[in-house]
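# Report on the structure
What follows is each chain in one-letter form.
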Amino acid sequence: MRSGLWVSLCLACALGAAGPVRADVGTDFKKIGEDMAAQIILNPSEFLYDIQMTTEDRTPLPGNRVFSFGTNIFPNLLPFTELSGETKTRLHREHGGWPQVDLHLGAWDLLAGSLIPKGNFEGSIWGIHGGLSAGFSLDPRLRAFFGYQFSSMFANFHITPDSSSSSNTGTGFDVANSLENINTGRMEHYMYIGGEMFRSPTKRLVAELGFGLVKNKLVMRLTWASRNFDTGLAFYPEGAWVLWPFANFQVRF
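Residues numbered from 1 in each chain as written. Predicted model: local features only at pLDDT ≥ 70, side-chain atom pairs only at ≥ 80, totals over all residues. Heavy atoms only, no water.

### Considering the overall build of the protein
- In terms of regular secondary structure, the protein is built from four helices and 10 strands.
- The order of helices and strands in the protein, counted from the N terminus, is α-α-α-β-β-β-β-β-α-β-β-β-β-β.
- Counting over 253 residues, the protein shows a buried share of 43%.
- Summarising the internal contacts of the protein: among those between residues at least 6 apart in sequence, 60% fall at separations of at least 24. (Helix = DSSP H or I, 4+ residues; strand = E, 2+ residues; numbered from the N terminus. Buried < 20%, exposed > 50% of the residue type's maximum accessible area, 1.4 Å probe, protein only. Contact = heavy atoms within 4.5 Å.)

So, in structure tokens, the structure goes:
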């Protein structure tokens, strides 16, 4: 549906169509590819929303920082061409029995439409998110946090595929025709809890569990945070792709 999504669909189709290297391995990969492509086609909103969630960073600001700006490098910017930005501001530092309170806001827009030849694509895909978190120390090297976040995704577009690019996944669906028109949105309210362990003054290991109150969507993340780069794994049990690796870049002041 823009170039990044077409790449993912082509990959899924290729997995489904690939001949077996061994009978059992080939059959497994073919089934995985067919199931993944079918889920994306039947519920593109869920797939797009899973991509959005990898832009959302709910880890608290380090105690000695008051503001940060960050962006997702993978998989949002590469390969899905989503340009994202997120800011965090410390509203209250942990002091006198009161927790640290952070405000975070973010947005993204899928840029691939500008790369598609004029006339082949009309519309937009974008999203926003934001919320509050509170963190408190359990030990000099261990901190717990909890919070609330809203998350919205909007997709309204029309694709005019080339007749030669139409492909079939082997599941009975025509990919191009099935994704030609999309008009959908997604709004979710999350409550989440987590903990972080400080490995050094600039490095943290953060574990998080979130629950969506609208669709009962479960989100789990494990983040290795450093001074400027965070990497990790996100787990979405209901998603087309259950496990998403991610990499973020941020500057903290």
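### Details of the pairing of strand β10 (residues 243–252)
- The two faces of β10 differ: Trp 244, Phe 246, Asn 248, Gln 250 and Arg 252 on one face are buried, but Leu 243, Pro 245, Ala 247, Phe 249 and Val 251 on the other face are not.
- Taken together, the six bridges between strand β1 (residues 67–74) and β10 define a ladder with antiparallel strand orientation. For Gly 70, the partnering residue across the bridge sits in β10 and is Gln 250.
- Of the pairings in the sheet, the one linking strand β9 (residues 229–235) to β10 comprises seven bridges and is antiparallel in character. Bridge assignment links Asp 230 to a residue of β10, and that residue is Asn 248. (Pairing = 2+ DSSP bridges.)

### Comments concerning the pattern of salt bridges
- Summed over the entire model, instances satisfying the criterion amount to 10 salt bridges.
- A salt bridge links Arg 58 to Glu 56, with the shortest nitrogen-to-oxygen separation between them at 3.2 Å.
- Among the residues examined, Glu 56 registers a relative accessible area of 1% and is labelled buried.
- The partner of Arg 252 in a salt bridge is Asp 230, with the nearest N and O atoms 3.3 Å apart. You can see Arg 252 sitting in strand β10 and its partner Asp 230 sitting in strand β9, a full 22 residues away along the chain.
- Among the charged side chains, a network of salt bridges with common partners joins Glu 46, Asp 50, Arg 186, Glu 188 and Lys 217. (Salt bridge = Lys/Arg side-chain N within 4 Å of Asp/Glu carboxyl O.)

### Here we look at the packing of aromatic side chains
- Going through the model one piece at a time under the given rule, you end up with 10 aromatic pairs.
- On the basis of an interplanar angle of 75 degrees and a centroid distance of 6.3 Å, the ring pair of Phe 47 and Phe 80 is categorised as edge-to-face. Here Phe 80 lies in the loop between β1 and β2 (82–92) and Phe 47 lies in helix α3 (residues 44–53), a separation of 33 residues in the sequence. Of the two residues examined, Phe 47 and Phe 80, each falls in the buried class.
- Measuring from ring centre to ring centre gives 5.5 Å for Phe 47 and Trp 241, while their planes differ by 70 degrees; the resulting arrangement is edge-to-face. You can see Phe 47 sitting in helix α3 and its partner Trp 241 sitting in the loop between β9 and β10, a full 194 residues away along the chain. No difference in accessibility class separates Phe 47 from Trp 241, as the two residues are buried. (Phe/Tyr/Trp six-rings, centres within 6.5 Å; stacked < 30°, edge-to-face > 60°.)

### Describing the layout of surface pockets
- Here the second largest pocket defines a volume of roughly 220 Å³.
- Around the second largest pocket, the lining comprises 13 residues; the ones closest to its centre are Pro 62, Asn 64, Arg 65, Pro 201 and Thr 202.
- When grouped by side-chain class, the residues that make up the lining of the second largest pocket number four nonpolar, five polar and four charged. (1 Å grid on protein atoms, 1.4 Å probe; cavity = no way out; pocket = protein on both sides within 12 Å on 5 of 7 lines; lining within 4 Å. Points joined across faces, edges and corners; volume = space filled by probe spheres on them. Nonpolar A, V, L, I, M, F, W, Y, C, P; charged D, E, K, R; others polar.)

### Some details on the environment of Arg 65
- With respect to the helices and strands, Arg 65 occurs in the loop between α3 and β1.
- Residues Arg 65 and Lys 88 lie 23 residues apart in sequence; the distance between their C-alpha atoms is 9.9 Å.
- With near-sequence residues (within four places) excluded, Arg 65 lies in contact with Arg 90, Arg 227, Arg 252 and Phe 253.

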